[in-house]
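For reference, the chains in residue letters:
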Amino acid sequence: MFDAVVEALRRHQKFVITTHLRPDGDALGSELAMGHALRRLGKTVTWLNADPPPYNLGWLPGADDTWVFDGSLEQRERVDEADAILVMDTNTLDRIGTVGPAVEGSSAQKILIDHHPHPETWFDLSYVQTEASSTGQLVYRILQALDPDLIDTPIATALYTAIMTDTGSFRFSNVTPEVHRIVADLLDRGGIDPTPIHTSVYDTRSVAGIRLLGMVLDTLTLRYEDRVGYVVVSQRALRSTRASTDETEGFVNHVLSIESVQAAVIFTEIDAGIKLSFRSKGDTAVNGWARAFGGGGHPNASGAFVRKGKLNRVVDRVMTAAPKHLGFHRSGPTLGELTGDDASYLSALLDAKKDT
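First, a word on what this report is: a plain description of the structure on this page.

What counts and how
Residues numbered from 1 in each chain as written. Predicted model: local features only at pLDDT ≥ 70, side-chain atom pairs only at ≥ 80, totals over all residues. Heavy atoms only, no water. Pairing = 2+ DSSP bridges. Helix = DSSP H or I, 4+ residues; strand = E, 2+ residues; numbered from the N terminus. Axes fitted to C-alpha atoms, helices over the stretch in contact; angles between N-to-C directions. Contact = heavy atoms within 4.5 Å. Buried < 20%, exposed > 50% of the residue type's maximum accessible area, 1.4 Å probe, protein only. Lys, Arg positive; Asp, Glu negative; His and termini not counted. Salt bridge = Lys/Arg side-chain N within 4 Å of Asp/Glu carboxyl O. Polar contact = N/O pair within 3.5 Å; in protein donor to acceptor, adjacent residues only side chain to side chain. Core = buried A, V, L, I, M, F, W, Y, C linked by side-chain atoms within 4.5 Å. Phe/Tyr/Trp six-rings, centres within 6.5 Å; stacked < 30°, edge-to-face > 60°. Parallel < 35°, antiparallel > 145°, perpendicular 65-115°, else oblique. Left-handed = near helix turned anticlockwise from the far one by under 90°. Nonpolar A, V, L, I, M, F, W, Y, C, P; charged D, E, K, R; others polar.

1. Things to note about the sheet that holds strand β11 (residues 296-298)
The strands making up a sheet are joined through hydrogen bonds of the backbone, oriented either antiparallel or parallel. The strand order β7-β8-β9-β10-β12-β11 describes an open sheet built from six strands, whose pairing is mixed. Taken across any chain shown, the strands that pair with only one partner, and hence form the sheet edges, are β7 (221-223) and β11. Recorded for the sheet is a direction-independent mean angle of 20° between the axes of neighbouring strands. Sheet analysis places β7 next to strand β8 (residues 228-233), joined by three bridges and oriented antiparallel. By the bridge assignment for β8, threonine 221 is matched with tyrosine 230. Packed onto the sheet, helix α13 (residues 311-326) meets β7, β8, β9 (263-270), β10 (273-280) and β12 (301-306) and runs at close to 155° relative to β9.

2. Overview of the side chain of aspartate 114
Among the secondary structure elements, aspartate 114 is positioned in strand β5 (residues 109-114). In this structure, aspartate 114 is buried with no salt-bridge partner, the nearest side chain bearing the opposite charge being arginine 95 at 9.0 Å. Only 3.4 Å separates the side chain of aspartate 114 from the backbone nitrogen of threonine 90, close enough to count as a polar contact. Polar contacts involving the side chain of aspartate 114 include one to the side chain of histidine 116, which spans 2.7 Å. For aspartate 114, the contacting residues outside a window of four places in its chain are Asp89, Thr90, Asn91, Tyr127, Val128, Gln129, Thr135 and Leu138.

3. Focus on the nonpolar core
With 48 residues, the main nonpolar core has Leu9, Met34, Leu86, Ile142, Leu143 and Leu186 as its most contacted residues. No other element matches the seven residues that helix α6 (residues 153-166) contributes to this core. Those residues in contact with leucine 186 that sit more than four places away from it in its chain are Tyr140, Ile151, Ala156, Leu159, Tyr160, Ile163, Gly191 and Ile192. Judged by nonpolar contacts, the second largest core, of 25 residues, contains Ala263, Val314, Val318 and Phe328.

4. Brief notes about unusual backbone geometry
Backbone geometry at arginine 22 places phi at a positive 45°, although glycine is not the residue there. Structurally, the position occupied by arginine 22 is in the loop between β1 (14-19) and α2 (25-40). Unlike most non-glycine residues, tyrosine 224 shows phi in positive territory, near 55°. Position of tyrosine 224 relative to the elements: it lies in the loop between β7 and β8.

5. Quick word on the sheet that holds β1
In spatial order, the strands read β3-β2-β1-β4-β5-β6; together these six strands make up an open sheet with parallel pairing. Pairing within the sheet leaves two strands with one partner each, and these edge strands are β3 (67-68) and β6 (125-128). Packing of α2 onto the sheet brings it into contact with β1, β2 (44-49), β4 (84-88) and β5, and relative to β2 it is tilted by some 165°.

6. Side note on the packing of aromatic side chains
Any two aromatic rings considered together are summarised by their centre-to-centre distance and by the angle between their planes. Applying the stated rule across the entire model yields five aromatic pairs. Ring centres of tyrosine 160 and phenylalanine 170 lie 5.9 Å apart, and the angle between their planes is 55°; this geometry places the pair in the tilted category. Linking tyrosine 160 in helix α6 with phenylalanine 170 in the loop between α6 and α7 (177-190), this pair joins segments that are ten residues apart in sequence. Residue classification places tyrosine 160 among the buried positions, given a relative accessible area of 6%. With relative accessibility at 23%, the residue phenylalanine 170 sits in the partly exposed group.

7. Section: the packing of α6 against α7
Axis separation between α6 and α7 bottoms out at 9 Å; the angle between their running directions is 150°. Accordingly, the angle class assigned to the pair α6 and α7 is roughly antiparallel. The interaxial crossing formed by α6 with α7 has left-handed handedness. Seen from α6, the contacting residues are Thr153, Ala156, Leu159, Tyr160 and Ile163; seen from α7, they are Val179, Ile182, Val183, Leu186, Leu187 and Gly190. For the contact of α6 with α7, the residue count by class is nine nonpolar, two polar and no charged.

8. With respect to the pairing of β1
For β1, the buried fraction is high: five of the six residues fall into the buried class. As paired strands, β1 and β2 are joined by four bridges and run parallel to one another. Bridged to isoleucine 17 within β2 is tryptophan 47. Pairing of β1 with β4, which is carried by five bridges, proceeds in the parallel orientation. From the neighbouring strand, phenylalanine 15 faces β4, where its bridge partner is alanine 84.

9. Focus on the side chain of lysine 110
Tracing the backbone shows lysine 110 in strand β5. One buried charged residue, lysine 110, forms no salt bridge at all, with the nearest opposite charge on aspartate 124 at 4.8 Å. At a separation of 3.3 Å, a polar atom in the side chain of lysine 110 contacts the main-chain carbonyl oxygen of alanine 108. In contact with lysine 110, not counting residues within four places along its chain, are Ile85, Val103, Glu104, Trp122, Phe123, Asp124 and Leu125.

Structure (structure tokens):
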């Protein structure tokens, strides 16, 4: 499908580009890089997302030009007039949020560019490589096929950010010699300095964000002989610190950094439900665990979303399921195994711990 996708990008003139809810560095970097490249080829491009760029990525070239979908007539006209809609770094309709119904109803050719497994089947064309480090890596390959001279400083900056963030600053197992060759080329052709990019993404937090981190780390809990750990971001913690959920990016890595921990989860409570982010080390795969709760992703980085249930109950359900999907022995009772006063007492303890 690679050649067909490249040909479609050459042929079409009007594009809408979108990505998943709460776009991360790979999502935003990939869609911005692709949009900049298409504009350099004389195409018309509209970036249209369900959520705005997060606080630590708003500096990316073109981020200010992304539209947050509000259902306006002008936005719907852009979708209706598009020759092609590019969906980047996600492969399900619900993951593009409020943009989804407009995309579903469009007669434009729908093109998927992604590195996640198990895509839905409504795309007309797709370029999916699950072994790739990032969607940014795939965009680089596409741009090389379109025109090797397309990559300038804005594009190089966006692609470097995409690859850097989805490889954990080049420390994950998805880093290959090709990844390093791509990054070297981006640094060279873009004339970019990686230091301020890394600082902007990882080392810039608000006072509220630091206070939230402290509260979240206080919920740290280890299970299964300390091989599985989790933290919780409650709405109460968000309200008391006045921090944004965007500032929880990277919190789960603090849990994974514990020497004994092989798999980590962060539970983030928002109005619509509870967001689950799973991370793991080495051969410990968490994507099956995430799929059990309606999500999915890569073996070492996956996510899910639970729309119903109290926070403490969702935590208990997810952690109780861990042994089945990770192959660990169970340790300690769960709420489901307790009755009467014991269950009420444990539930109260969980509530107290998660909401302080």
